[in-house]
Amino acid sequence: MLQLWTFPKSTHNTLVLIQEETIYIDTKKGDILTNQVEKINTNQVWEKPNGIHFATIEKVFCYKKRLEIHQKQTKKTLFIDDSEKINEIFNAIKEHIPALQLTVKRVGILKSIWVHILLITVLFIRLITYLVDVVYIGEKADLVSIQEYYGEIYGNFIYTISGIGTIGIVIIAIIYILLALFFTNSIAENRPYIKELKRN
């Protein structure tokens, strides 16, 4: 049975073929790819790339737009910007190799959000520090002095922001934290699943 997928606009793999218990992955583009597909569909001889035989596959990972085919000593990674096709290829491998058992797990919450938490924390500290400095400047100087030192536009901005006072900083901090929690929760809820086929 022959199963063929093509990705003409891909900058990585452009052709995936399952034939005779082997997976062929090619990167040729343009007219060469078109010619290859025509030969495959008409059962003509075509220039086959190195294939991955079913018997050598130890496990397969499907994660977002990436499909990894692991053999004993090597790994082949396919980047496929088409969720429907990447699932079709994964399911085809699962059907053709019954010895590979399917498991589905979700990416851990901490793994998904730790970078965002770090960025949010750094930005929070920087924002609060800036607001405290601005309020301090506004309390210690008048508008004219601030404009002379920082320029008219930025001086007006500093003077206006300084009017929020300590209570204003607390309110801004609470709003920031609530937005950060909402954003982080959204990322955690939408974290992807990893599908794995593994030989027993």
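Throughout what follows, the structure given in this document is the object of discussion. Worth saying up front: this structure is predicted, and the values here are computed from it rather than measured.

So, how was this worked out
Residues numbered from 1 in each chain as written. Predicted model: local features only at pLDDT ≥ 70, side-chain atom pairs only at ≥ 80, totals over all residues. Heavy atoms only, no water. Salt bridge = Lys/Arg side-chain N within 4 Å of Asp/Glu carboxyl O. Buried < 20%, exposed > 50% of the residue type's maximum accessible area, 1.4 Å probe, protein only. Axes fitted to C-alpha atoms, helices over the stretch in contact; angles between N-to-C directions. Helix = DSSP H or I, 4+ residues; strand = E, 2+ residues; numbered from the N terminus. Parallel < 35°, antiparallel > 145°, perpendicular 65-115°, else oblique. Left-handed = near helix turned anticlockwise from the far one by under 90°. Contact = heavy atoms within 4.5 Å. Pairing = 2+ DSSP bridges.

**A short note on the pattern of salt bridges**
So, point 1. One pass over the structure, following the stated rule, counts three salt bridges.
So, point 2. Of the charged contacts in the structure, one is a salt bridge between D26 and K28, with a shortest N-O distance of 3.5 Å.
So, point 3. Assessed through its relative accessible area of 5%, D26 is described here as buried.
So, point 4. For R66, the salt bridge identified is with E68, shortest N-O distance 3.0 Å.
So, point 5. A relative accessible area of 30% places R66 in the partly exposed class.
So, point 6. Given a relative accessible area of 12%, E68 falls into the buried group.

**So, the packing of helix α4 (residues 143-150) against helix α5 (residues 152-162)**
So, point 1. The interhelical angle for the contact between α4 and α5, taken along N-to-C directions, is 135°, at an axis separation of 7 Å. Judged by the angle between their axes, α4 and α5 are oblique. Where α4 crosses over α5, the handedness of that crossing is right-handed. Two secondary-structure elements touch here, α4 through L143, I146, Q147 and Y150 and α5 through E152, Y154, G155, N156, I158 and Y159.

**Points about the sheet that holds strand β3 (residues 22-26)**
So, point 1. Spatially, the four strands line up as an open sheet ordered β1-β2-β3-β4, and their pairing is antiparallel. The open sheet terminates on both sides in strands that have one partner only, identified here as β1 (3-6) and β4 (51-53). Neighbour-to-neighbour, the strand axes of this sheet turn through a mean angle of 15°, independent of strand direction.
So, point 2. As paired elements, β3 and β4 share three bridges and run antiparallel to each other. Counterpart to T22 in the pairing with β4 is H53.
So, point 3. In this fold helix α1 (residues 30-41) packs onto β1, β2 (15-19) and β3, with an angle of close to 15° to the strand it touches most, β2.
So, point 4. Those strands touched by helix α2 (residues 83-96) are β1, β2 and β3, and its axis lies near 155° from that of β1.

As far as function goes, none of this settles anything; it's purely spatial.
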